[in-house]
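Chains, contacts and geometry: an overview
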Amino acid sequence: ASCQPSRKVRLASKELLVFERHGHTPTWLPPPASGMELIRICVETTDIAESHAAFLQRIAEVKAAPLGRCLSAMKVLAHGDPVLCQTLFDKLLSSAWSCLPDDSIRSKLVPAMESLLSRPFHSQFFKQPRLSSTINSLARHEDTSVSTNAVRAFLKSIADLRPMPALDTNLLLSVAENYNCWHEVISILEHQHTMVSMISTTNDQIQELTRTYLSGIRHCYWQLGEGNLWLALSCKSCQLPESKWAISLDMHGMVKEALEAYSGLIELVDSNTGAPASFHPPENEMSLWEDRWIELQKEMCQWQVVADYANSTASPRLMLETAWKSQNWEKVKGLCAAPSLVASIEAGDPTIKLSEIFLAIVDGKLSDVENLHAQTAQLCLHRWQLLPKISCGSTVHVSLLQLFHRLVELRESGQIMVETSNHSSGRTLPDLKNLLSAWRYRLPNEFENISVWDDLFLWRSHMFTAITSNFHWSDPNALASLHDRPWTAIRMSKTARKQGMREVALLSLSKLTDCAMDVSDAFSKLREQILVYDNPESELERSGGLNLVNTTNLSFFDASQKSELFRLKAVFLASLSARSKANQAYCHSVQICPSYARSWISWGGLCSSLGDITEKQREHQATTGTESGASAAAAAKKVAQYLAQAMGCYIEAVRCDSNEWSRMHLPKCLWMLIKDGSSPGVLCQTLEARGASLPSWVWLPWIPQLLTSLCRIEGRAAKAILTGLVKSYPQALYFALRAFYLERRDVDRSRGAPSSSSHQGSVTHAEELMSSLRRAHPTLWTSLEAILEELIVRFRPSYEEELLATITALLDRAESQINHHKHTDKHSEDEENTILASVSKTLGRISTKFFSASPPDTASRRRDERAKKTDEFKRKYKAAFESDFSLGISGSKDNSETLPKLSLEDFLSRLKKWKERLEAQVSATPAALPLIECSPTLALFSSEAPDLWAGSCDPRQSDSPSLDRERTRDTEDGLNPPSASSDATTAAASAALAVANAASREGVGGHYGGGSAAIEIPGQYVPNRTNCLDSKPNPELHAKLLRFESKLTVLRRNEHLVRRIGMIGSDGKTYRFLLQFAIPYWTRTDERTSQLQYIVDKLLRKGVLSSRNYLSVQPTAVIPIAQRLRMTAEKDSRLSLDDAYRRVCEREGKMYDGIANYFQQAVNEHLEQRDYSALEGPEKKKAERAAKLEAFKNICENMVDGHMLLKHMHLALDGPEGLFHFRRSFAGQLAANSFFQYVFCVVERNPSRFVFDQQNGQVFAPDFRFAYSNQGFLEGNDLPFRMTPNIKNLIGNHLLEGRFTPSMATIAACVNDQREEVGSILRLILRDDIVSWYTSKSMAKSDTKTQELEKQLADRVNKNVSLVQARISACKPNKKKENGGLGRDAIDMKVRKLLEEATAPETLCMMPTTYHAWL
């Protein structure tokens, strides 16, 4: 179908304009609108309920009128614009379908729909011009709504029909494969499966229909590469619990265990002995076992087993695969002519075509290789066009990309055979070094399945065999340079070992028995053999690995290789409890090669473990009472010495190699400092002496901890490290340092005296650092201070907003206390008086804060705009506030000491009136304000960013300009006469000199501080941003601030108004930040949350299964500006559950708090009917739970739409394909967020704090605060994480089982695998968090008091860390079987139980009303 716009389209648009100008309004149209709005109104308001004949008669009557021209214009426009055409068709089909009288008539149309879909004349692709696609993509940000063919457009319309027509499943699967409508078909099949599953009957026909729909969905997911979803649906269709156990092992990548489970099930069926009486698996379940057994045997590279099975079952495709891998080319040639495989090739299957290329290369038909290669590439490209679009985390294109990889190497293999044939006949050797080098670098991802590596490397092995056979007459050493068989086998073994497949690793190494190799390959092979023995579960294998190291001749290896062997020896010795010998081996290792980082890391781990052992022994002696004072001091000194040695090893490892895994031990170094006691000791000295010598950028993720270290005994060491950051990366440190300095300065001023401790205080350290930054980067300092001063002064909330927030908090607290004590029968009067006194006292403090007497006016005060606003606010509200609450003189102490005359009900009613009054005033604030009115300084700000490259500001890498001066002098002296090329060279040199000058201005002070003159967009350093590289930052490449957006947006967040400002960067993007006023504890908590997300994302990148499932966690940038002001990065596509519900309330005219009020009222009425006050003990709790459950169910069934969020996203994404990709990404992101909620006991996840990105499904974590008990211990509630009905329905049942659950378990496994490294990070973060939490509930403390508080909280920190680690360990997959044999429960059962608890109505109904559990 051709959709090319023509002259008719322009004429049609003109007809529409003429129609509007003439002013003709038909009876079936509202008053005419303009452009596309007119078309939409015409479609949506057409009364198609009239009979068809009447409609045609009406059209005939108005054919000569402007209406006829309008319809003609609409038809032409629809022909020229695919989006408009599909919109018209969707609206008309939906309206016509809904107007049919009953389902019997609708069912008669289904055969016609099926007949239309099965016609062969449909084109697979529209001949749509690129211009139209570009315009649409610009208008919609992405081209998701435009269908690629008519079949897909038709199925998209059918998916929106209600009731949905029941189309044939086989037909749907056929058109899905041929017309790229996978997601439309999945949407239809999932809806039909849901509807059929709701029918509670034992009818065989209904059950068969259910299985048919489920099988169709499974087929679609398998074709799309969604293996976990396919397995989850397979598990859903299985009846035996043993099958679910095996599938869960398979889903979590435990290949060996899953293979054993499937084999055990198959053996039970084959033998019919030892099987329980209830063991009667259905046919489809046994077929699943068989299919997965074959795939897992391939993963284990057991090709002989697979070949035997293929021969016994006469499977042509499987026999073909095993034949070429065993180099049985005669069999391959015979199978390629098999009718079934020929039919597959004719159907467009490129994998069978590969076998023909194999044969052409082996038979020497090199001229056919190019032709076959081109044919196979065309088949692959044709299949590529029939796949969905590429999106983040999509796996549908992976198999084709792997096929392209193999095609490239097959073509190169043909070229190799040509080279070898030519040189072999002339008795010469070809030069294959470049190609072999390219093959070394062109590898699959390390997390991809072993079968992918095996397919690639096995063919390479065949090629190496062919090369060596052609040059058998050559010298063995020369022949070894023509192939790369040793490296290939070793690389395969290394990949298998990293994926936990030790058997495959040994199998790959066993192929190198009689192969000549150089020293490097020999060492690599030896190392892999030794590492395979490192089995934590077998002491015998570890002893064998140690013997292998001891019997190795080291004379052939270089220094780094010898160092690695000694390191491995030490690892085995330490695992066998020979720590003294291990210490000596590590010493030999670093003596041989002092720059080998791995040895330093491992040695540091040994020293750290020795320190832990010594400390446990000391604690045991203290517990048993056998420890004396002298022995305790000696033991503490010994622990500090061990840890100092460990710290030195870790720091030296980072100095030798600053990769991301060496840097993982830096937080451990910071945590060790606590063992120095109350005065600086050997640990502080070690950090001060060696820490500052490291590259400054390695400390960037731990800036918050370094700043808090200024308050402790290690302040001097932390200051030395921060000084390097000030000079090299000033904008990474400036904001946090400034906020910390102001906060600690205020603490000192509140105490009225400087710190009396012997060492310098934190204020002094921070002030010196600020002075250093000002001296090193004066231009940057001036610009940043001017901007921050404007942000602090101009964008703080108004007095009305602050008073509204205070009154709202007081009202919520009072109502919660009343509801908690309302039904108690003891001391009800005392409790009411207590609440009354608390409210009265709080109101007195509010009056003092907002309406206290002002100091006498001065000339400067009269000029102060803020002071004028203060006076106006007091004149407007002071008298009324004090009169309504009977406060008398504001700030009077009598108000807080005697009970007021007003009752508690009077207080609450008046608080509500004041809340409504202030809300009316605050709501009048415009949604957008011109920046020029709010802050002329920021509106007029403008700067230019230099165009630099990475490292251009580093004086160690920049070329000296003296060379340019010499070249210029030579040209002026006439030594090099000018020419065309010399002019170009001179121009390039001058341009380079200009850039060098700009770079020198940026790198002020001679330090590597690129961007120190131009202001950067905040939040571009770790941990506020993370990426796959995680390496040295390049400030020259960071986005610089050019100017501010001209509009200031006012938004509602958490019942408060906040300002959002936009910064336009040098990269053309607009970065938006919320300006939020918050207490320091909240800001510090968000900083620590970003650090946790940064660390977990790093661990997910390292994990095999997490990388295979594309799991990631992205932190949100939180930038502290002042003590109570911060900037939080925010995207335009951000949406919270609260925002979505407010839009629904506004659209339907409902009160936002109406549901919450109804819930509380319904519960109270139910309890009054049950005589709640007469009940006691468990009966009272049971009655309360029953009342809340009844009210909750009534709300979910009748008052709140459980699919509200899903409907919103369906409209926002406009298409099943975009919706599926969003839901898939959202499920993985929510799994990570839920993991954090459960592990760290985060319970305050109200709708306003459940935030996600509508474009990519990223789930944010605003206000992610840990929940502590009054004693300072982490404690959660019965709800592990938020999974309310709307969130559950947005994900869907299939993605919950196939994406959310395995993702959460995989994240837990990744974190638990690095338990030692994560433990130190958790201790750092939880220590700082609990100290901040305690400080937020009292006055800020001096440095000395803070250190004393940390010592008091040390036991709580250890217990909190133990709780967190226990929860992490519980969530990881558990493959242990209770009674041996086959398991019965899924290995991620803990996560499944948590999901059940999070979605159970009995748990949700007990949450506070502010939680809005019904959303």
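See the structure above.
All of these numbers come straight from a predicted model, not from anything done at the bench.

1. Remarks on the packing of aromatic side chains
Taken as a whole and judged by the stated rule, the model has 42 aromatic pairs. Ring centres of Phe1159 and Trp1414 lie 5.4 Å apart, and the angle between their planes is 40°; this geometry places the pair in the tilted category. Here the residue Phe1159 occupies a position in helix α54 (residues 1154–1169), and Trp1414 occupies one in the segment after α64 (1401–1404), the gap between them amounting to 255 residues. In terms of burial, Phe1159 and Trp1414 fall into one category: buried.

2. What about the pairing of strand β5 (residues 1070–1077)?
Most of β5 sits out of view: six of its eight residues are buried. Across six bridges, the pairing between strand β4 (residues 1056–1065) and β5 is antiparallel. Bridge pairing in β5 links Met1063 to Tyr1071. Across six bridges, β5 lies against strand β7 (residues 1125–1130) in antiparallel orientation. Within β7, the position partnered with Leu1075 by the bridge is Met1127.

3. Topic: the side chain of Gln1254
Within the element layout of this structure, Gln1254 appears in the loop between β9 (1251–1253) and α58 (1285–1291). Within the local environment of Gln1254, its side chain forms a polar contact with the side chain of His1208, the two groups lying 2.9 Å apart. Every residue in contact with Gln1254, bar those within four places of it in the chain, is listed here: Ser1133, Arg1134, Leu1135, His1208, Met1209, Ala1212, Leu1213 and Phe1222.

4. Focus: the side chain of Lys1098
Note on placement: Lys1098 falls in helix α51 (residues 1080–1102). Residues contacting Lys1098, with those up to four places away along its chain left out, are Glu660, Trp661, Met664 and Asp1030.

5. A short note on the environment of Asn149
Structurally, the position occupied by Asn149 is in the loop between α7 (130–140) and α8 (150–159). The class of Asn149 is buried, set by a relative accessible area of 0%. Spatially, the C-alpha atom of Asn149 lies 8.5 Å from that of Asn180, the residues being 31 residues apart in sequence. Aside from chain neighbours lying at most four places away, what touches Asn149 is Ser123, Gln124, Phe125, Phe126 and Tyr179. Among the polar contacts listed, one links the side chain of Asn149 to the backbone nitrogen of Arg152, at a separation of 2.7 Å.

6. Examining helix α27 (residues 502–509)
For α27, the complete set of buried residues consists of Val504, Ala505, Ser508 and Leu509. The buried side chains of α27 occupy one side of the element, clustering within an arc of 135° when seen end-on. Elements that come into contact with the buried residues of α27 comprise α15 (283–299), α24 (450–470), α26 (485–498) and α28 (519–532).

7. Description of the state of the cysteines
The full count for this structure, using the stated rule, is zero disulfides. Here Cys181 stays unpaired: no disulfide links it, and the sulfur of Cys220, its closest cysteine neighbor, is 8.9 Å away. Relative accessible area serves as the criterion here: at 0%, Cys181 is assigned to the buried category. Take Cys1405: it sits in no disulfide, and the sulfur closest to it among the cysteines is that of Cys1196, at 9.7 Å.

8. A closer look at the environment of Asn553
Here Asn553 is to be found in the loop between α29 (539–550) and α30 (559–575). Classification of Asn553 by relative accessible area gives partly exposed; the value is 45%. At a separation of 2.9 Å, a polar atom in the side chain of Asn553 contacts the side chain of Ser555.

9. Considering the pairing of β7
β7 sits mainly inside the fold: five of its six residues count as buried. Pairing between strand β6 (residues 1118–1122) and β7: four bridges, direction antiparallel. Looking across to β7, one finds that Val1118 is bridged to Thr1128. Hairpin connection from β6 to β7: two residues lie between these consecutive antiparallel strands.

10. Re the packing of helix α19 (residues 339–346) against helix α20 (residues 350–362)
Running from N to C, α19 and α20 cross one another at 110°; their axes reach a closest spacing of 8 Å. One way to sum up the angle between α19 and α20 is to call them roughly perpendicular. Crossing handedness for the pair α19 and α20: left-handed. On α20, the residues that touch Leu341, Ser344 and Ile345 of α19 are Ile352, Lys353 and Glu356. For the contact of α19 with α20, the per-class residue count stands at three nonpolar, one polar and two charged.

11. Some details on the pattern of salt bridges
Opposite charge on two side chains lets them pair, provided their charged atoms get close. For the structure on display, the rule yields 67 salt bridges. A salt bridge links Arg152 to Glu1217; the nearest nitrogen and oxygen atoms lie 2.3 Å apart. Placement of Arg152 in helix α8 and of Glu1217 in helix α57 (residues 1216–1239) is noted, with a sequence separation of 1065 residues between them. Neither Arg152 nor Glu1217 differs from the other in exposure class; each is buried. The shortest N-O distance in the salt bridge between Arg527 and Glu528 comes to 3.9 Å. Assigned by exposure class, Arg527 and Glu528 land together as buried. Each of Glu1045, Arg1053, Arg1060, Arg1072, Glu1130, Asp1132, Arg1134 and Asp1139 takes part in one network of salt bridges that share partners.

12. What to know about the nonpolar core
Ranked by size, the top nonpolar core spans 351 residues in total, and within it Leu155, Trp699, Leu791, Leu843, Phe1226, Met1283 and Met1304 carry the most contacts. Looking at this core element by element, the count peaks at twelve residues for α57. Those residues in contact with Leu843 that sit more than four places away from it in its chain are Leu810, Phe881, Phe885, Leu887, Phe907 and Leu911. Formed by six residues, the second largest nonpolar core is a distinct cluster that contains Cys70, Met74, Leu77 and Leu84.

Reading the values: the criteria
Residues numbered from 1 in each chain as written. Predicted model: local features only at pLDDT ≥ 70, side-chain atom pairs only at ≥ 80, totals over all residues. Heavy atoms only, no water. Phe/Tyr/Trp six-rings, centres within 6.5 Å; stacked < 30°, edge-to-face > 60°. Helix = DSSP H or I, 4+ residues; strand = E, 2+ residues; numbered from the N terminus. Buried < 20%, exposed > 50% of the residue type's maximum accessible area, 1.4 Å probe, protein only. Pairing = 2+ DSSP bridges. Polar contact = N/O pair within 3.5 Å; in protein donor to acceptor, adjacent residues only side chain to side chain. Contact = heavy atoms within 4.5 Å. Arc of directions from axis to C-beta. Disulfide = S-S within 2.5 Å. Axes fitted to C-alpha atoms, helices over the stretch in contact; angles between N-to-C directions. Parallel < 35°, antiparallel > 145°, perpendicular 65-115°, else oblique. Left-handed = near helix turned anticlockwise from the far one by under 90°. Nonpolar A, V, L, I, M, F, W, Y, C, P; charged D, E, K, R; others polar. Salt bridge = Lys/Arg side-chain N within 4 Å of Asp/Glu carboxyl O. Core = buried A, V, L, I, M, F, W, Y, C linked by side-chain atoms within 4.5 Å.

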